[in-house]
Amino acid sequence: MGMTNKQFQGFVRLALEQIDRALKESPDNESLKRLRDIFQAMLEDGE
């Protein structure tokens, strides 16, 4: 059973919220910044 586009976008938004929360605690974490960029691109590609 696969995900619908709406479900996938919801998952990506949830992940982005958690990444942004982690970046508030560790704003210089380059790995988190790259991960946020990847998830943001996934969200933009899906719209």
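Calculation criteria
Residues numbered from 1 in each chain as written. Predicted model: local features only at pLDDT ≥ 70, side-chain atom pairs only at ≥ 80, totals over all residues. Heavy atoms only, no water. Helix = DSSP H or I, 4+ residues; strand = E, 2+ residues; numbered from the N terminus. Buried < 20%, exposed > 50% of the residue type's maximum accessible area, 1.4 Å probe, protein only. Areas by Shrake-Rupley, 256 points an atom, 1.4 Å probe, with all protein chains shown as cover. Lys, Arg positive; Asp, Glu negative; His and termini not counted. Charge placed at Lys NZ, Arg CZ, Asp CG, Glu CD. Expected span 1.5 Å × (residues − 1). Arc of directions from axis to C-beta. Phe/Tyr/Trp six-rings, centres within 6.5 Å; stacked < 30°, edge-to-face > 60°.

Once that is clear, we can look at the overall build of the protein chain. Of regular secondary structure, the protein chain possesses two helices and zero strands. With the principal axes as the frame, the protein chain shows a C-alpha extent of 35 × 15 × 15 Å. In the protein chain, which comprises 47 residues, the share counted as buried stands at 19%. Taken as a whole, the protein chain presents about 3,800 Å² of accessible surface, with 53% of it coming from carbon and sulfur. For the protein chain, the distance from the average position of its 7 positive side-chain charges to the average position of its 9 negative side-chain charges is 4 Å.

On to helix H1 (residues 5-25). Along its 21 residues, H1 runs 31 Å from first to last C-alpha, staying within 8% of the 30 Å computed at 1.5 Å per residue. Looking at H1, one finds that the buried residues are Gln 9, Val 12, Ala 15, Leu 16, Ile 19 and Leu 23. Down the axis of H1, the buried side of the element spans an arc of 125°, and every buried residue falls inside it. Of the exposed residues in H1, those oriented more than 90 degrees away from the buried face are Lys 6, Glu 17, Arg 21, Lys 24 and Glu 25.

Turning to the packing of aromatic side chains, a few remarks are in order. The final tally for this structure, using the stated rule, is one aromatic pair. Judged by centre distance (6.5 Å) and plane angle (50°), the rings of Phe 11 and Phe 39 are tilted. Residue Phe 11 is found in helix H1, and its partner Phe 39 is found in helix H2 (residues 30-46); the two are separated by 28 residues along the sequence. By relative accessible area, Phe 39 is classed as buried at 15%.

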